[in-house]
Amino acid sequence: MSVGLTLRYSIENQRDRVTRLAWSPDGRQIAVPSRDGLVRIHEAESGVLRTALLAHEDAAMGVAWSPDGRRLASVAGNDRIRIWDTTNGELLHEPRRSAGSLTGIAWSPCGRMLAVAAESGSVLLWNTTSDSLSLERKLPSGGTLHPAWAPNGTTLAVGSRDGRVHLWDPWTGTLLRSFTGHRDAAVMIAWAPDGNFFASASKDGTIRLWNPDAEPALRTLDAHRDQVTAVAF
């Protein structure tokens, strides 16, 4: 008996490289940001294009759905953060201040906070509950790439260009722990659904599984022969 994946459809209407993609919380839609500045939202079942947001003048580097699926946040390399109404494509919020070149974004499980990774080396925490986005604090994480919230919303994991992974209490700004082991940039972090461990994908070609309370890594997956740029549970 063969076990594998069957291609259901292919989305081929992108005019430039796809940078990330994100499933809606209900699993019915996929948001696809591209270097052409557009964020396209497709029906997950069929791949049909539902809408194309003229999101950014520069490359759209990442997107994140709000926990209720009603809003979509996007970031661009030219320092823009924007929040959209997913029902009608309306632009809801855009901060007036510059945030620097941005590399990743993640919505907190409670929906109150956006964590945004900046090329400058900081993680920017934005309050989304007011009528306009307001910057709450900066976490100096050093060459940050992509933030990931623990399922309970109390911890934020951030990969860095030097290969370290930092765990923060985002609500107090306290650095909880740093993990070492990767020999190159830790590009992407993903938490297990129960929050008991997380995985980090690295340009050194490995995926490492970590206990958030202790080092060393629980396990290192090293079958890849090139950089690993994404990981998910």
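That block above? That's the structure.
Please read all numbers here as calculations on a predicted model, not as lab measurements. (Residues numbered from 1 in each chain as written. Predicted model: local features only at pLDDT ≥ 70, side-chain atom pairs only at ≥ 80, totals over all residues. Heavy atoms only, no water.)

Explain unusual backbone geometry residue by residue, including any values.
The omega torsion across Glu-215 and Pro-216 is -5 degrees, close enough to zero to call that bond cis. You can see Pro-216 is positioned in strand E20 (residues 214–221). (Helix = DSSP H or I, 4+ residues; strand = E, 2+ residues; numbered from the N terminus.)

Run through the nonpolar core, naming residues and quoting values.
Val-75, Ile-81, Ile-105, Leu-114, Val-116 and Trp-126 are the most contacted members of the largest nonpolar core, which totals 16 residues. Among the secondary structure elements, those contributing two or more residues to this core are strand E5 (60–65), strand E6 (71–76), strand E7 (81–85), strand E9 (102–107), strand E10 (113–118) and strand E11 (122–127). If sequence neighbours within four positions are ignored, Leu-114 has contacts with Ala-73, Ile-83, Ile-105, Ala-106, Trp-107, Leu-124, Leu-125, Trp-126, Thr-128 and Leu-133. (Core = buried A, V, L, I, M, F, W, Y, C linked by side-chain atoms within 4.5 Å. Buried < 20%, exposed > 50% of the residue type's maximum accessible area, 1.4 Å probe, protein only. Contact = heavy atoms within 4.5 Å.)

Explain the packing of aromatic side chains residue by residue, including any values.
Pairs of aromatic rings are described using the distance from one ring centre to the other and the angle between the two planes. One pass over the structure, following the stated rule, counts five aromatic pairs. Where Phe-179 meets Phe-198, the ring centres are 5.5 Å apart and the plane angle is 80 degrees; that geometry is what we call edge-to-face. Residue Phe-179 is found in strand E16 (residues 174–179), and its partner Phe-198 is found in strand E18 (residues 198–202); the two are separated by 19 residues along the sequence. On the accessibility criterion, Phe-179 (0% relative accessible area) is buried. By relative accessible area, which is 0% here, Phe-198 ends up buried. Among the aromatic side chains, those forming a connected cluster through ring pairs are Phe-179, Trp-191, Phe-198 and Trp-210. (Phe/Tyr/Trp six-rings, centres within 6.5 Å; stacked < 30°, edge-to-face > 60°.)

I'd like a description of the pairing of E16, backed by residues and values.
Relative to E16, strand E15 (residues 165–169) is paired through five bridges, and the arrangement is antiparallel. Paired with Leu-167 across the two strands is Arg-177, which belongs to E16. (Pairing = 2+ DSSP bridges.)

Run through the pattern of salt bridges, naming residues and quoting values.
Opposite charge on two side chains permits them to pair, given that their charged atoms come into close proximity. Counted according to the given criterion, the structure contains four salt bridges. For Arg-82, the salt bridge is made with Glu-94, and the minimal N-O distance between the two is 3.1 Å. Of the two residues, Arg-82 is situated in strand E7 and Glu-94 in the loop between strand E8 (91–93) and E9; the sequence distance between them amounts to 12 residues. Note on Glu-94: relative accessible area 29%, which makes it partly exposed. (Salt bridge = Lys/Arg side-chain N within 4 Å of Asp/Glu carboxyl O.)

Run through the environment of Gly-181, naming residues and quoting values.
Mapped onto the elements of the fold, Gly-181 is located in the loop between E16 and strand E17 (186–191). Counting along the chain gives 18 residues from Gly-181 to Gly-163, while the straight-line C-alpha distance between them is 7.1 Å.

Lay out the environment of Gly-121 with the relevant residues and their values.
Here Gly-121 lies in the loop between E10 and E11. Note: C-alpha distance between Gly-121 and Arg-17 (104 residues apart in sequence) is 24 Å.

I'd love a proper account of the sheet that holds strand E12 (residues 134–140), names of residues and values included.
Spatially, the four strands line up as an open sheet ordered E9-E10-E11-E12, and their pairing is antiparallel. Edge strands, defined here as strands with exactly one partner in the open sheet, are E9 and E12. Averaged over all pairs of adjacent strands, the angle between strand axes in this sheet comes to 20 degrees, irrespective of strand direction. (Axes fitted to C-alpha atoms, helices over the stretch in contact; angles between N-to-C directions.)

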